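# Structural overview for review
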Amino acid sequence: MGVDLSVEIFGLTFKNPLVLASGPAGFGFELKQYLDISRIGAITLKTITIMPREGNAPPRLVDTHGGIINSIGLQNPGIKEFVRTIAPRLKDLKTIKIGSIAGFTIEEWKILGEEMDKIKEIRAIELDLSCPNVEGKGMWAKDEELTQEAIKAVRESTDKPIIAKLAPDVTDIVKVAKKAINAGADALSIGNTIEAMRINIETGLPFLKLKTGGLSGPAIKPITLARVFRVAEALEVPIIGIGGVMNWQDALEYAMAGASLIGIGTALMINPKAPLEILDGIESFLRQKGIERFRDIIGIAHRGGF
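The paragraphs below set out a description of the structure included in this document.

What counts and how
- Residues numbered from 1 in each chain as written.
- Predicted model: local features only at pLDDT ≥ 70, side-chain atom pairs only at ≥ 80, totals over all residues.
- Heavy atoms only, no water.
- Buried < 20%, exposed > 50% of the residue type's maximum accessible area, 1.4 Å probe, protein only.
- Helix = DSSP H or I, 4+ residues; strand = E, 2+ residues; numbered from the N terminus.
- Pairing = 2+ DSSP bridges.
- Axes fitted to C-alpha atoms, helices over the stretch in contact; angles between N-to-C directions.
- Core = buried A, V, L, I, M, F, W, Y, C linked by side-chain atoms within 4.5 Å.
- Contact = heavy atoms within 4.5 Å.
- Salt bridge = Lys/Arg side-chain N within 4 Å of Asp/Glu carboxyl O.
- Patch = residues over 30% accessible without salt bridge, like charges linked within 9 Å, V, L, I, M, F, W, Y side chains within 5 Å.
- Areas by Shrake-Rupley, 256 points an atom, 1.4 Å probe, with all protein chains shown as cover.
- Lys, Arg positive; Asp, Glu negative; His and termini not counted.
- Charge placed at Lys NZ, Arg CZ, Asp CG, Glu CD.
- Parallel < 35°, antiparallel > 145°, perpendicular 65-115°, else oblique.
- Left-handed = near helix turned anticlockwise from the far one by under 90°.
- Nonpolar A, V, L, I, M, F, W, Y, C, P; charged D, E, K, R; others polar.

Burial runs high along strand S7 (residues 96–101): six of the six residues are buried. The two faces of S7 match: Ile 96, Ile 98 and Ser 100 on one face and Lys 97, Gly 99 and Ile 101 on the other face are all buried. Direction of pairing for strand S4 (residues 42–44) relative to S7: parallel, over a ladder of three bridges. Counted as the bridge partner of Thr 44 is Ile 98 from S7.

Reading around the barrel, the eight strands line up as S3-S4-S7-S8-S9-S10-S15-S16 and close back on themselves, with parallel pairing between neighbours. Each strand of the sheet is rotated relative to its neighbour by a mean of 25°, with strand direction disregarded. With two bridges joining them, strand S3 (residues 18–20) and S4 adopt parallel strand pairing. Bridging across to S4, Leu 20 finds its partner in Ile 43.

What follows deals with the nonpolar core. Ranked by size, the top nonpolar core spans 96 residues in total, and within it Phe 82, Val 231 and Phe 294 carry the most contacts. Broken down by element, the residue count for this core peaks at seven residues, all from helix H8 (residues 274–289). Not counting residues within four places of it along the chain, the set of residues in contact with Phe 294 comprises Asp 4, Leu 5, Val 7, Pro 17, Ala 255, Ser 260, Ile 262, Ile 282 and Leu 286. Core analysis: the next-biggest nonpolar cluster, separate from the first, contains seven residues, Ile 69, Ile 194, Leu 208 and Leu 215 among them.

Our next topic: the sheet that holds strand S14 (residues 213–216). Read across the sheet, four strands follow the order S5-S6-S14-S11 without closing on themselves; strand pairing throughout is antiparallel. Either end of the sheet is taken by a strand with one partner, and the two such strands are strand S5 (61–64) and strand S11 (194–196). Looking at each pair of strands side by side, their axes are set apart by 35° on average, direction ignored. Note: S11 against S14, three bridges, orientation antiparallel. By the bridge assignment for S14, Glu 195 is matched with Gly 214.

All right, on to the pairing of strand S9 (residues 162–166) then. Regular strands have side chains that alternate between both faces of the sheet. Across the five residues of S9, five count as buried, placing the element largely inside the fold. Both faces of S9 are covered, namely the face carrying Ile 162, Ala 164 and Leu 166 and the face carrying Ile 163 and Lys 165. Bridge count between strand S8 (residues 122–128) and S9: four bridges; the pairing is parallel. The residue bridging Leu 127 from the neighbouring strand is Ala 164, located in S9. Examined bridge by bridge, S9 and strand S10 (residues 187–190) share four bridges and lie parallel to one another. Note that in S10 the partner of Leu 166 across the bridge is Ile 190.

A few words now on the pattern of salt bridges. Scanning the entire structure with this criterion turns up 15 salt bridges. Residues Lys 221 and Glu 253 are paired through a salt bridge, measuring 2.6 Å at the closest nitrogen-oxygen approach. Residue Lys 221 is located in helix H5 (residues 221–234), and its partner Glu 253 is located in helix H6 (residues 248–257); the two are separated by 32 residues in the primary sequence. Given the relative accessible area of 10%, Lys 221 is considered buried. With a shortest N-O distance of 2.9 Å, Arg 230 and Glu 233 are connected by a salt bridge. Highlighted residues: Arg 230 and Glu 233, both in helix H5, separated by three residues, approximately one helical turn. Classification of Glu 233 by relative accessible area gives partly exposed; the value is 48%. It is possible to trace a salt-bridge network through shared partners that takes in Lys 221, Asp 250 and Glu 253.

On to a positive patch on the surface, then. A cluster of basic residues, Lys 32, Arg 89, Lys 91 and Lys 94, forms a positive patch at the surface. Judged by relative accessible area, Lys 91 falls into the partly exposed class, the value being 47%.

For the rest of this paragraph, the subject is the packing of helix H4 (residues 173–182) against H5. To describe two helices that pack against each other, one gives the angle between their axes and the distance between the axes. Direction vectors running N to C along H4 and H5 enclose 55°, while the axes themselves pass 9 Å from each other. Between H4 and H5, the interaxial angle falls into the category oblique. Between H4 and H5 lies a crossing of right-handed hand. The segment H4 lies against H5, with Ile 173, Val 174 and Ala 177 engaging Arg 227, Arg 230, Val 231 and Ala 234. Here the residues of the contact of H4 with H5 are counted per class, giving five nonpolar, no polar and two charged.

Take the environment of Asp 169 next. Of note, Asp 169 is situated in the loop between S9 and H4. Judged by relative accessible area, which is 26%, Asp 169 ranks as partly exposed. Separated by 84 residues in the primary sequence, Asp 169 and Glu 253 have C-alpha atoms spaced 20 Å apart. Ignoring any residue separated from it by four or fewer positions in sequence, one finds Asp 169 in contact with Lys 142, Ile 194 and Glu 195.

Written out as structure tokens, the structure reads:
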């Protein structure tokens, strides 16, 4: 029996539900020698800001039980260099490309949206409203009004689908999600890393230069999975579920909770071939269950299960 893994959302057809998450996948070229990206549904490119950023001072990565804590700090070449040297090469990546942007003012969001709108290879734009490890900067996703303002600014600058990337550690993510959709977002990415830290007991100081960073990996999966479930329960909106997907079982849980697409981040850093192994596992599971289409299991936890 053949299994159809394709997913159709916001006017695009993804060959399968896996998305390489923004950050670990870089701009895609870094992975080409390890992973056939053409077999993946999409890639969300590394987040771009107006000005180039060197990121935070090291040390900015430390392991912990069930994951890693990073404080990379949005290291990127800036929008001008991205447009000049990276955008022309995106045609070499034979999958759907999702641009990722982060503004520090409403005007920056507008400019970034305009620039991404001009790039033909960028099929959708993700707004990184929830990066938790930028020194001296607040988090847009923790303020409902700021979230709306940022989305509205980008909505005015592009007709491309907008994905709002929300923070999982907010008081009421459903409320924030509703505001994001009302402001013009076409989909939601849930979620991002969660603020965390480790202290070196030999020195009595935090391991990370910035003191705290963002926890990713399997430790956060139950938290983010619950956020996906709650939002899917309240809203009929495409969701990209991200957070601790290490294997095909994790990916299926997100789909059953209501995620149409599933982001792969930390697993990619450990094993660049993980997405292909996850795809094989999903396909085998569906075949074993006699399910012909992946989309038939999306949100099944809300419909009484099998």
